[in-house]
Amino acid sequence: MVVMYTCCTWIPLRLGSIIVGLISLAQSILIGLVCLISMNMTDTISHEINKLLCSNNMFYTTPIWRVIEKDPMFLITNIMIYFVFYTISCIALIYGALKSSIIFMLPYIILELIRLFVILYVVLTSIILLKINVLDFLILILISVIGVVLLQILVYLWCCPVSLVQCLCLKNSLAFESQEVFNNNNITLPKTATAVVNIHNIVYDPLSDHYGWGPFKPSYNYPYKNMPQYEY
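Along each chain, the written sequence defines residue order, and numbers are assigned to residues from 1. Given that this is a predicted model, residues contribute local features only at a pLDDT of at least 70 and side-chain atom pairs are listed and counted only at 80 or more, while totals for whole chains, interfaces and linings are drawn from all residues. To get the side-chain values, all heavy atoms of the structure are used, and hydrogens and water are removed first.

Draft legend 1. Here's a closer look at the overall build of the chain. Helix and strand content of the chain: seven helices and two strands. Starting at the N terminus, the α and β elements of the chain follow one another as α-α-α-α-α-α-α-β-β. Per-residue burial over the chain gives 28% buried out of 232 residues. Pairs of residues are marked as contacts when any of their non-hydrogen atoms sit within 4.5 Å. Relative to all contacts within the chain whose residues are 6 or more apart in sequence, the contacts with residues 24 or more apart total 69%. Taken as a whole, the chain presents about 15300 Å² of accessible surface, with 71% of it coming from carbon and sulfur. Only runs of H or I of at least four residues qualify as helices and only runs of E of at least two qualify as strands under DSSP, and these elements are numbered from the N terminus. Using a 1.4 Å probe on the protein chains alone, a residue whose accessible area is under 20% of its type maximum counts as buried, one over 50% counts as exposed, and one in between counts as partly exposed. What sets the accessible areas is the Shrake-Rupley method with a 1.4 Å probe; for residues, cover comes only from the shown protein chains.

Here it is as structure tokens:
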């Protein structure tokens, strides 16, 4: 959590979301390559699954393994279809973070959430099966820690674009509220021949209840001397 807080303090959410998109894109391409290679190894996969079922107690996952054993291509095809959409969502996330567009970031957030639930199921199931079939508790603890840490990292990465979407929603909401207040109070914003006031430049400062124009945004005091002002 300390690492997450530090990264969110020093790295803007837009840059963080772009980095998350690139990391996820690399994962998707790698998994896609593995699936392509696996398509030529379906017989080997079926044979290895059969050996696994014969030598281990797979508990409640046995029916799932039986289905995969009969037709590994079905699973591989579905995984590839999912990651095609996932790859597109990663590209959309990068573009959405660059353009501050919420609609482009939502597909990634949804697909990644689905993937996180699947990974959570796999991690928990793996821990249970290891406990049943492996008597060495050191290995069980090691695998459990690795699985939980990896899952936690993925959750933190997912939280970055989610936070960016929340900030953009808040920004749009505050801009709309600011515009309403200006309209109700009949306040005329300064106009020049070369600049036009943008609604997104109108901000609300919750500390002073002051509505200000972009060039005169109030500054905030931070508790730490060297901490940069947080940006998204």
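Draft legend 2. Geometry of the layout of surface pockets. Two kinds of site are reported from a 1 Å grid over the protein atoms alone, namely cavities, where a 1.4 Å probe fits but cannot get out, and pockets, open sets with protein on both sides within 12 Å along at least five of seven lines, and residues are called lining when an atom falls within 4 Å of a point. Grid points are joined across faces, edges and corners, and a volume is the space filled by probe spheres set on the points. Size it by volume and the largest pocket reaches roughly 1100 Å³. As for the largest pocket, its lining consists of 30 residues, of which Leu75, Ile79, Val118, Tyr121 and Val122 are closest to the centre. Contributing elements (two or more residues each) for the lining of the largest pocket: α3 (42-55), α4 (62-70), α5 (72-99) and α6 (102-133). If one sorts the elements of the lining of the largest pocket by residue count, α6 sits on top with 11 residues. Ten residues, namely Ala, Val, Leu, Ile, Met, Phe, Trp, Tyr, Cys and Pro, are considered nonpolar, four, namely Asp, Glu, Lys and Arg, are considered charged, and the remaining ones, Gly among them, are considered polar. Taken together, the residues of the lining of the largest pocket break down into 22 nonpolar, six polar and two charged.

Draft legend 3. Molecular detail of the packing of aromatic side chains. Here a Phe, Tyr or Trp ring, Trp counted by its six-membered ring, pairs with any other such ring whose centre lies within 6.5 Å, and the pair is stacked when the planes are under 30 degrees apart, edge-to-face when over 60, and tilted otherwise. Scanning the entire structure with this criterion turns up six aromatic pairs. Judged by centre distance (5.0 Å) and plane angle (90°), the rings of Tyr82 and Phe83 are edge-to-face. Residue Phe83 is classed as buried on the basis of its relative accessible area, which comes to 12%. Grouped by ring-pair contacts, the aromatic residues Tyr82, Phe83, Tyr86 and Tyr108 constitute a single cluster.

Draft legend 4. Here's a closer look at α6. By definition here, a helix of n residues has an expected span of 1.5 Å times n minus one. Along its 32 residues, α6 runs 46 Å from first to last C-alpha, staying within 8% of the 46 Å computed at 1.5 Å per residue. Burial in α6 covers these residues: Ile102, Met105, Tyr108, Ile109, Leu111, Glu112, Arg115, Leu116, Val123, Thr125 and Leu129.

Draft legend 5. Molecular detail of the UniProt feature "transmembrane region" (unreviewed entry) in the chain. UniProt records the feature "transmembrane region" (unreviewed entry) at residues 15-37, 74-98, 104-130 and 137-158, using the numbering of this structure. Here residues 15-37 is 100% helix and 0% strand, with 33 Å between the C-alpha atoms at its ends. Within the segment residues 104-130, helix and strand shares are 100% and 0% respectively, and the terminal C-alpha atoms sit 40 Å apart. UniProt positions are given in the numbering used here, feature names are shortened, and annotations may be inferred rather than shown by experiment.

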